[in-house]
Amino acid sequence: MSILVNNNTRLIVQGITGREGMFHAEQMIAYGTKVVGGVTPGKGGQWAVGVPVFDSVRDAVRATEANTSIIYVPAAFSPDAILEAVDAGIKLVVCITEGVPTLDMVRVRAYVDQSDARLIGPNCPGLITPGQAKVGIMPGHIHIPGNVGVVSRSGTLTYEVVAALTARGIGQSTAVGIGGDPIIGSTFIDILELFEADPDTEQVVMIGEIGGTDEEEAARFIRDHLTKPVTGFIAGQTAPPGKRMGHAGAIISGGKGTAAEKVQALEAAGVRMAKQPTDIAQLVAANIGL
Amino acid sequence: MNLHEYQSKRVFARYGIPIPKGEVASTPTEAREIAGKLGGKVVVKSQVLVGGRGKAGGIKLALDKDDAEEKAKAILGMDIKGLTVGKVLVDEAADIKDEIYLGLVIDRAQRRVVMMGSSEGGVDIEEVAATMPEKIVKIAIDPCIGFRAYQAMDLASALGIPKELTRSFAQIASGLYSAFVESDASLAEINPLVVTGDGKLLAVDGKMSIDDNALYRHKNLAELRDPSEEDPYEVEARRYDLSYVKLDGDIGCMVNGAGLSMATMDMIKLFGGAPANFLDIGGGATAERVAAALRIILSDQNVKTVLINIFGGITRCDEVARGIVTALGEVGVTVPMVVRLVGTNEAEGRAILADAKMETANTLAEAAQKAVNASQS
């Protein structure tokens, strides 16, 4: 087992005829993901990377029975793309796009919360269940199937950690990038809850960064609800206050959201914190006697 | 993007929020003319994008136009926390009876816009939050329903606004919410909102921050950006969609992804070095963007070593390598460079860089260690 994506995932790609959409649709197909179609308004009836293109998500769902969607459309159109997917009955919507205005996400998230769909992102690398389905932009080859669940606000830092796990022969159940924006569809807690319930996940790696209080809330959740061991890392120990560090959500404001506070909260909740990202794999290995 | 006080207050005024009469001056003579037109006492206020202007001597009361000219002379050109004052706002002085705080922010944990009010106006709200949090009243606003009259009434009563002013307060609060939402703000505050001697409400000071991601649909606000207030490297970086933050160290960093960029900086520090900057080239960077990034890093005179750390996902290593080669062709590089390229199209990327005679590394730790060693040799 795994969480959220697996062999039953039937994926459509919103923005499949764009540069990034096409490149990554191809990569996902090559990985073995069941990509059943794509959506680009006005290009219905065409084919792209070997799959049919539809004018709308509704058309795509009707024709392909897609249950998952990944979004590669520009930021100005992403809120609409998410809402369209939710309205068409897609159960898992993954939005890769970076730069979606925060107030748009406040409204979109409120709408998604009223539906039975789950949103991952925006501004995220997506998620992967190694050997089954890759719904994202991560390099597939660095992952191997296994029992470590990975959840992270970062993209490339996660690749770093996953590659180190794989190098030690430690596989992953599912790796989820939740995204670096202030308002995202699924938070640490949402994903931790799924990992706790997944029989194939034996331990969890959680990678946070400065800004906001998601890590602190996750710490409380871990203390109260998680029976599986958690290893953590927080990026941004050297980040100056008041400056946005790339991610819209990575900012220390009013003295809040520092790495030190987050490390402290997680340590108090029993999470083993790595001093540097390269130590994570070692701590995980120690948990399983390697 | 932060707006100046006068810019913020002009936005507020468009939403029916009463602000003092006033105009902006760049010279003492202009300040004198404005004060003359206003008549009576005025306040001369430096327009710089930092807090604590008053404490730094950047806000002064002037008794008449002669005095306004004097005060403007003292304030213009003044250095406040590293920024030079180029403009002053000359406002009619308000007859202050009471000061209130009214602000809006996006509360990430609640995923809502939250209105905050406090009877302790005129001081830094973060200070109030730290010392007397009970003095701050918060109202979370449903994005689908918007800000409602009853919420304004609740807030007015909690803040002890006099009965005869509640209607006017409700209009101001609701105007502030509209200004916030329609400007895609991340912060809008009136501090203080003053109760005047003649029983009126007046937004004496104001502050707004606009979501950079939304500026594409607010051309009028985007034009208000004041590059003279910003680090020139950061201005240049923005032209190429790069996230760049200048720091004090000597190891220039070019990384893809915010988390990895921060982790790379953390590693440099851990190994005893100091990063010269944060630079995230973003996802799917083109060769052109990479070349611009490298030019910006190399134009910082403090940089003694460059560390390039790329873990390709949506970013392709071959594009990055092409950008590096382009930049090297344009700029004469005299500092050592350490490059680590892994992930999407890494073999192609490495092949492109094979002739570039750069120090290479396989892991993040190795790359950081080599960069620190190079910067210290």
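Just so we're clear, the structure is a prediction, and the values are computed from it rather than from any experiment.

Rules of the game
Residues numbered from 1 in each chain as written. Chains lettered and ligands numbered in written order. Predicted model: local features only at pLDDT ≥ 70, side-chain atom pairs only at ≥ 80, totals over all residues. Buried ≥ 20, exposed ≤ 12 C-beta atoms within 10 Å, placed from the backbone. Helix = DSSP H or I, 4+ residues; strand = E, 2+ residues; numbered from the N terminus. Arc of directions from axis to C-beta. Contact = placed C-beta atoms within 7 Å. Domains from an automatic or database assignment. Nonpolar A, V, L, I, M, F, W, Y, C, P; charged D, E, K, R; others polar. Pairing = 2+ DSSP bridges. Axes fitted to C-alpha atoms, helices over the stretch in contact; angles between N-to-C directions. pLDDT = per-residue confidence, 0-100.

1. Examining helix α12 (residues 346–353) of chain B
All names here are of chain B.
Next up, step 1: Within the sequence span of α12, burial applies to Glu346, Gly349, Ile352 and Leu353. The buried side chains of α12 occupy one side of the element, clustering within an arc of 125 degrees when seen end-on.
Next up, step 2: Considering only its buried residues, α12 is in contact with β17 (305–312), α11 (317–330) and β18 (337–343).

2. What to know about unusual backbone geometry
Next up, step 1: Backbone torsion omega between Gly121(A) and Pro122(A) reads 5 degrees, so that peptide bond is classified as cis.
Next up, step 2: Its place among the elements puts Pro122(A) in the loop between β7 (118–120) and β8 (126–129).
Next up, step 3: With an omega of 5 degrees, the peptide bond between Asn191(B) and Pro192(B) qualifies as cis.
Next up, step 4: By the element assignment, Pro192(B) lies in strand β11 (residues 185–196).
Next up, step 5: One non-glycine residue, Val49(A), lies in the positive phi region at around 40 degrees.
Next up, step 6: Looking at the secondary structure, you find Val49(A) in the loop between β3 (47–48) and β4 (51–54).
Next up, step 7: The backbone of Glu65(A) sits at a positive phi, close to 55 degrees, despite the residue not being glycine.
Next up, step 8: When you line up the elements, Glu65(A) lands in the loop between α2 (57–64) and β5 (68–71).
Next up, step 9: Residue classification places Glu65(A) among the exposed positions, given that 11 C-beta atoms sit within 10 Å.

3. So, the domain arrangement of chain A
Residues and elements named next belong to chain A.
Next up, step 1: The domain boundaries assigned to chain A delineate domain 1 (11–120) and domain 2 (138–287).
Next up, step 2: The straight-line distance from the C-alpha centre of domain 1 to that of domain 2 is 26 Å.
Next up, step 3: In this complex, domain 1 contributes ten residues to the contact, which on the side of domain 2 involves nine residues.
Next up, step 4: Taken together, the elements giving at least two residues each to the side of domain 1 that touches domain 2 come down to α4 (102–113) and β7.
Next up, step 5: Considering each element in turn, the side of domain 1 that touches domain 2 owes the most residues, five residues, to α4.
Next up, step 6: Partitioned by chemical class, the residues of the side of domain 1 that touches domain 2 number seven nonpolar, one polar and two charged.

4. Concerning the sheet that holds strand β7 (residues 88–92) of chain B
Residue and element names in this part refer to chain B.
Next up, step 1: An order of β2-β7-β3-β4 is seen for the four strands of this open sheet, with the pairing classed as antiparallel. If you trace the sheet from one side to the other, it starts and ends with β2 (22–25) and β4 (59–62), each paired once. Here the average twist between neighbouring strands, direction ignored, is 20 degrees.
Next up, step 2: Of the strand pairs in this sheet, strand β3 (residues 42–46) and β7 are connected by five bridges, and their pairing is antiparallel. By the bridge assignment for β7, Ser46 is matched with Val88.
Next up, step 3: Sheet strands touched by helix α2 (residues 28–38): β2, β3, β4 and β7. Its angle to β7, the strand with the most contacts, is close to 15 degrees.

5. Section: the confidence of the model for chain B
Residue and element names in this part refer to chain B.
Next up, step 1: Looking at chain B as a whole, the pLDDT averages 93, with 100% of positions reaching at least 70.
Next up, step 2: Looking over chain B, one finds the lowest element-wise mean pLDDT in helix α4 (residues 125–131), namely 83, and the highest in helix α1 (residues 5–14), namely 98.
Next up, step 3: Under the prediction, the complex receives an ipTM of 0.91, its pTM being 0.92.

6. A closer look at the pairing of strand β10 (residues 145–152) of chain A
All names here are of chain A.
Next up, step 1: Relative to strand β11 (residues 172–177), β10 runs parallel, the two sharing five bridges. Within the sheet, the bridge partner assigned to Val151 lies in β11 and is Val176.
Next up, step 2: Direction of pairing for β10 relative to strand β12 (residues 203–209): parallel, over a ladder of five bridges. Across the sheet, Val151 pairs through a bridge with Met206, a residue of β12.

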